[in-house]
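Secondary and tertiary structure notes
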Amino acid sequence: MELDVEDHITLLELLRDKLNITSVKEGCGIGECGACTVLLDDKPIYSCLTLALKVDGRDIKTVEYLSKDGSLSKIQEAFVKNGAVQCGYCTPGMLLCAYALINSKKEISEDVIKEAISGNLCRCTGYIQIIEAIKDVAQI
Amino acid sequence: MLPKFKCVVPRSIKEVLSLLSENECKVIAGGTDLLVELQDKEAAPLLVDITKISELIWRPEERVGVISPLFTHGFVAESPVFKDMFPSLAIACSKVGSPQIRNMGTIGGNIGNASPAADSIPPLMIYDAKVRLLSASNERELTLEELLVDAYKTQIRKDEIIASVSITPMEGYRQGYKRLTIREALALSRLSVAYAIKEEKEKWLDVKIAIGSVTPVCFRARELERALSEQIKDRDLLDEAIALTISRIRGQVGARETHKFKLPILKNLLREILWGGSWE
């Protein structure tokens, strides 16, 4: 995809306002809440603190990627099964961090899961269900 | 909201340096500090993004002990070279912010921003970090201690960039990084200690300690290092050396409310680190 963007536009603004990908949320806008998380070359980053021009030529994944074939991915199924979605605002960011972790070479434990989602706040405080869902997919 | 600004993405150091020499600019790498700083400002200078400069990109094993300013904290934390040879730095980098911040924030940015709570700075100091600065007309190298002037103030001139940071491995030293935070995740250091200690069972041979988050600038506790190096291990001597450092901190910043809890914790942390096991 090729787009002309102004220099001061963040990746978050590009995705939401120009491309209408509203699964990417703005929460704090200063890189603390994780609602705006996307994957840049398969690593989680805050799109609110990333200038859109920085991702020129690179791979960006949003939560839509996880169900690109029209059905939910394993990690999304596990979130549903474990009741890991409450208000839903943190969910896209949480899913992307979970997806990045599952696909990394890391040996996964509960502590590693907690670390992987430590940059994402859930203000419904449903962390346990989220951790359980990721454990299900990691088979631990 | 960010103000409107222009951002250029040069491909060579020469191009960056000529831009910096001719314009009022701000260098951006990861942007995790800068973009927060620019929020709600009326205007911003021209930004110069240095992340696409191939001369600043190398693999750690190609130039061991030479850090690219563009290495992210996440990269340093996971890199086998840093984990094996510079473990204090790798541990510190693994504690920065959150995974998302670590995937964007860089070592060069951490130095340039010069926060008193910067996690990478104390470990860089124990590895005797030297920072190479380039401008269109000059090249110079400063130790990290010389470079840092005050909280958020460095000797880096507006027309200079950090080209590399050289560090010295401490082979045969016990090395690490400990910090105190209000909570476990996504937290700023309230107190941090990087250490490299060469010792025998009964004797300290060489001691390197750097302390962050208690003074405006992270510092090497040289008075403590001198008091302990080449000395037989002794609890009273250790406490005297720690007292030197604590009185230096008090002398430098005076009485501070947070020091009521920070300084006793610093004392215990230094006892634990230097005694090499449980103090009690």
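So, a few notes on the structure that sits alongside this text. Being a predicted model, the structure only gives us computed values, none of them experimental.

1. Things to note about the pattern of salt bridges
In total, this model carries 29 salt bridges over all chains according to the counting rule given. The salt bridge involving Lys54(A) is made with Asp49(B); its shortest N-O contact spans 2.7 Å. Note that Lys54(A) is positioned in the loop between strand S2 (43-46) and strand S3 (60-61) and Asp49(B) in strand S3 (residues 46-49), a pairing that runs across two chains. By the burial criterion, Lys54(A) is buried, and Asp49(B) matches it. In this structure, Arg222(B) engages Glu225(B) in a salt bridge whose closest nitrogen and oxygen atoms are separated by 4.0 Å. Residue Arg222(B) and its partner Glu225(B) are located together in helix H10 (residues 222-228), separated by three residues, close to a single helical turn. Given a relative accessible area of 31%, Arg222(B) falls into the partly exposed group. The buried category is assigned to Glu225(B), whose relative accessible area is 6%.

2. Overview of helix H1 (residues 11-18) of chain A
An α-helix turns once per 3.6 residues; consequently, residues spaced three or four apart project the same way. Of the positions making up H1(A), those classed as buried are Leu11(A), Leu12(A), Glu13(A), Leu14(A) and Leu15(A). In this structure, the buried side of H1(A) is in contact with strand S1 (37-40), S2 and S3 of chain A.

3. Let's talk about the interface of chain A and chain B
At the junction of the two partners, chain A supplies 29 residues and chain B supplies 30 residues. Taking both partners together, chain A and chain B bury about 2,200 Å²; carbon and sulfur atoms supply 60% of that area. The largest contributions to the chain A side of the interface with chain B come from His8(A), Leu49(A) and Lys54(A), which together make up 29% of the buried area. Where chain A touches chain B, the interface holds nine residue pairs in polar contact (both at pLDDT 80 or more). At the level of secondary structure, the elements contributing two or more residues to the side of chain A that touches chain B comprise S1, S2 and helix H4 (110-116) of chain A. Among the elements that take part in the side of chain A that touches chain B, S2(A) stands out by supplying four residues, more than any other. Here the side of chain A that touches chain B is built from residues that sort into 10 nonpolar, 10 polar and nine charged.

4. Overview of the sheet that holds strand S5 (residues 130-134) of chain B
Strands in a sheet are paired, the pairing made by backbone hydrogen bonds, and the direction either parallel or antiparallel. Residue and element names in this part refer to chain B. With respect to topology, four strands assemble into an open sheet ordered S4-S9-S5-S6, the strand pairing being antiparallel. Unpaired on one side and paired on the other, strand S4 (66-67) and strand S6 (139-143) mark the two borders of the sheet. Pairing geometry for S5 and S6, over five bridges, is antiparallel. From the neighbouring strand, Val131 faces S6, where its bridge partner is Leu142. Lying over the sheet, helix H1 (residues 13-22) contacts S5 and strand S9 (161-166), oriented at roughly 130 degrees with respect to S9.

5. Digging into the pairing of S3(B)
Along any regular strand the residues' side chains alternate between the sheet's two faces. All names here are of chain B. Neither face of S3 is open: one carries Leu46 and Val48, the other Leu47 and Asp49, and all of them are buried. Across four bridges, the pairing between strand S2 (residues 25-28) and S3 is parallel. Bridge pairing in S3 places Val27 opposite Val48.

Rules of the game
Once a new chain begins, its residue numbering starts again from 1 and follows that chain's sequence as written. In the order they appear in the text, chains get letters beginning with A and ligands get numbers beginning with 1. Predicted model: local features are reported for residues with pLDDT of at least 70 only, side-chain atom pairs are reported and counted for 80 or more only, and whole-chain, interface and lining totals are derived from all residues. Hydrogens and waters are ignored; side-chain quantities use all the structure's heavy atoms. By salt bridge we mean one thing: a side-chain nitrogen of Lys or Arg within 4 Å of a carboxyl oxygen of Asp or Glu. Segments assigned H or I by DSSP are reported as helices when at least four residues long, segments assigned E as strands when at least two residues long, and all are numbered from the N terminus. Partly exposed describes any residue whose relative accessible area lies between the buried limit of under 20% and the exposed limit of over 50%, with all areas from a 1.4 Å probe on protein chains only and scaled to the type maximum. Working rule for contacts: check all heavy atoms of both residues, and any pair within 4.5 Å makes them a contact. Values labelled buried area give the accessible surface lost by two parts on being combined, using a 1.4 Å probe and summing over both. Think of a polar contact as two N or O atoms within 3.5 Å of one another; within protein, one of them needs to be a possible hydrogen donor and the other a possible acceptor, and neighboring residues in sequence only count if both atoms come from side chains. Side-chain classes are defined by residue name, with Ala, Val, Leu, Ile, Met, Phe, Trp, Tyr, Cys and Pro counting as nonpolar, Asp, Glu, Lys and Arg as charged, and the others, Gly among them, as polar. When DSSP finds at least two bridges between two strands, those strands are taken to pair. Note on definitions: angles span 0 to 180 degrees between N-to-C directions of axes, and those axes are lines fitted to C-alpha atoms, for helices only across the stretch in contact.

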